[in-house]
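The chain contents come next:
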Amino acid sequence: MTKKITQQEIQDLAVEAIHEYFEACRARVPAFVQQHYRYPGAWRTNRRALGLDLLRAPINLFWAPVFGVLSVVRIGLQLLRWQRAAALLGRVPEGFNTQVQHYLGLCIRRDLMRLDCDSDSLEAHITRKLSARFGDAHPNRQEQQAFFHRAAAIVHEALQEYRVTRTASSDITNTITSTLVGAAAFQKFTPGGIGIGFLIAALVARYQAEHDFFLGKTLGRFYYQLFPPTPSWQLTAAALTLVLVLLACFASFSGLVTDPIQARLGLHRVRLQKMLSHLERDISAQTASSFRPKDQYVARILDLFDAVKSHLT
């Protein structure tokens, strides 16, 4: 008499196969980081920013603060168990998918997770494990396909979150760059593009006022050192727009500098390992993706600090 296959046996073997699969993925992380985030791989990755990414990246950076706020609201709605409202916010796009983000997503699927490989994919690991144990008395194929479909959705959501870290990393790079530029060029603490924009607007307004001073430029310089003029909102808006657009264009290629640095510091490795650990847990438990990297929230805190400091000064 054939022993009946229990659901618990199937589940235990599936969890074991999932663990073996993600252990293999984690073992490939160092080589993946070396291949795509260190030179010469960093150039192959980031050269894709040439082209339409020069338009997509600035739009993503301007949209990122809004998306960050919506993400926090979504988490709050989930904690309050308002799942329908949270699901609606979950449909809000994180921005345009740049060529660099698209390329890295494909590389993660192909080189790191090997989702399309017949012998190394998650599906292959689970199928081999179940076949070795049950042979022809294999569990229901339809249930298996439903499981793999849910797993694919979890992976897709995690990769979307990973793509957001690229925009956040560019935003953090802009903050660091703005701080360095402000210190070197203006001897000021400017933790972001907003601070530099306000500073440039103030300098232009002062320059114009000195030249138009009724007692001459020299006396105007002394007078406006004591009583700095207030720039018009049109001048401030123009300066802010110019600085933020220039920084956004710079951010399109910032990965050429930041990716090797992050690889050297181990940040790429830690981020990928964390994503894989979340995926293993979520796929085993068949829950929604729990991978929520903190990069975008760090970027938003820096943006807020920049706005507050610019307003106070």
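First, a word on what this report is: a plain description of the structure on this page. No experiment lies behind these values; they were computed from the predicted model shown. (Residues numbered from 1 in each chain as written. Predicted model: local features only at pLDDT ≥ 70, side-chain atom pairs only at ≥ 80, totals over all residues. Heavy atoms only, no water.)

The helix and strand inventory of the chain stands at 13 helices and zero strands. Going residue by residue from the N terminus, the α and β elements of the chain occur as α-α-α-α-α-α-α-α-α-α-α-α-α. Split into buried and exposed, the 313 residues of the chain put 42% on the buried side. Of the contacts made within the chain by residues no fewer than 6 positions apart, 76% connect residues no fewer than 24 positions apart. On the chain, roughly 17,600 Å² of surface is accessible, and the fraction owed to carbon and sulfur atoms is 64%. (Helix = DSSP H or I, 4+ residues; strand = E, 2+ residues; numbered from the N terminus. Buried < 20%, exposed > 50% of the residue type's maximum accessible area, 1.4 Å probe, protein only. Contact = heavy atoms within 4.5 Å. Areas by Shrake-Rupley, 256 points an atom, 1.4 Å probe, with all protein chains shown as cover.)

It is worth spelling out the pattern of salt bridges at this point. Using the criterion set out here, one finds eight salt bridges in the structure. D111 is the salt-bridge partner of R110, the closest N and O atoms lying 2.8 Å from each other. The residue R114 makes a salt bridge to D120 at a minimum N-O spacing of 2.8 Å. (Salt bridge = Lys/Arg side-chain N within 4 Å of Asp/Glu carboxyl O.)

With that out of the way, let us pick up unusual backbone geometry. Residues Y39 and P40 are joined by a peptide bond in cis, for which omega reads 5°. Along the chain, P40 falls in the loop between helix 1 (7-37) and helix 2 (41-46). Of note in the backbone geometry, R114 takes a positive phi value of approximately 50° without being a glycine. Of note, R114 is situated in the loop between helix 5 (99-112) and helix 6 (122-134). R114 sits in the partly exposed class, given a relative accessible area of 29%.

Moving on: the side chain of Q101. One can find Q101 in helix 5. On the basis of relative accessibility, which here comes to 7%, the residue Q101 falls in the buried class. A distance of 2.9 Å separates the side chain of Q101 from the backbone oxygen of R163, its partner in a polar contact. Residues contacting Q101, with those up to four places away along its chain left out, are N60, F96, R163, R166 and T167. (Polar contact = N/O pair within 3.5 Å; in protein donor to acceptor, adjacent residues only side chain to side chain.)

I108, M113, L272, M275 and I283 are the most contacted members of the largest nonpolar core, which totals 37 residues. For this core, the elements supplying multiple residues, two or more each, are helix 1, helix 5, helix 6, helix 7 (141-186) and helix 12 (267-285). The dominant element in this core, judged by the number of residues it contributes, is helix 1, at 11 residues. Those residues in contact with I108, other than ones at most four positions away along the chain, are F32, M113, R114, L159, Y162, L272 and M275. (Core = buried A, V, L, I, M, F, W, Y, C linked by side-chain atoms within 4.5 Å.)

On the secondary structure map, T175 appears in helix 7. A residue is classified by how much of its surface remains accessible, and T175, at 9% relative accessible area, is buried.

Below, the discussion takes up the packing of helix 11 (residues 255-265) against helix 12. Think of two packed helices as two axes; the pair is described by the angle between the axes and how far apart they sit. Across the interface, helix 11 lies against helix 12 with an axial gap of 5 Å and an inter-helix angle of 75°. Considering the angle they form, helix 11 stands roughly perpendicular to helix 12. Of helix 12, the residues touching helix 11 (which contributes D259, Q262, A263 and L265) are L267, H268 and R271. When its residues are assigned to classes, the contact of helix 11 with helix 12 shows three nonpolar, two polar and two charged. (Axes fitted to C-alpha atoms, helices over the stretch in contact; angles between N-to-C directions. Parallel < 35°, antiparallel > 145°, perpendicular 65-115°, else oblique. Nonpolar A, V, L, I, M, F, W, Y, C, P; charged D, E, K, R; others polar.)

The next subject is the packing of helix 8 (residues 193-212) against helix 9 (residues 217-226). For the pair helix 8 and helix 9, interaxial distance at closest approach is 7 Å and the crossing angle is 135°. Judged by the inter-axis angle, helix 8 sits oblique to helix 9. The chirality of how helix 8 crosses helix 9 is right-handed. Between helix 8 and helix 9, the contacting residues are R206, A209, E210 and H211 on the first element and K217, G220, R221, Y224 and Q225 on the second. Its residues assigned to classes, the contact of helix 8 with helix 9 comprises two nonpolar, three polar and four charged. (Left-handed = near helix turned anticlockwise from the far one by under 90°.)

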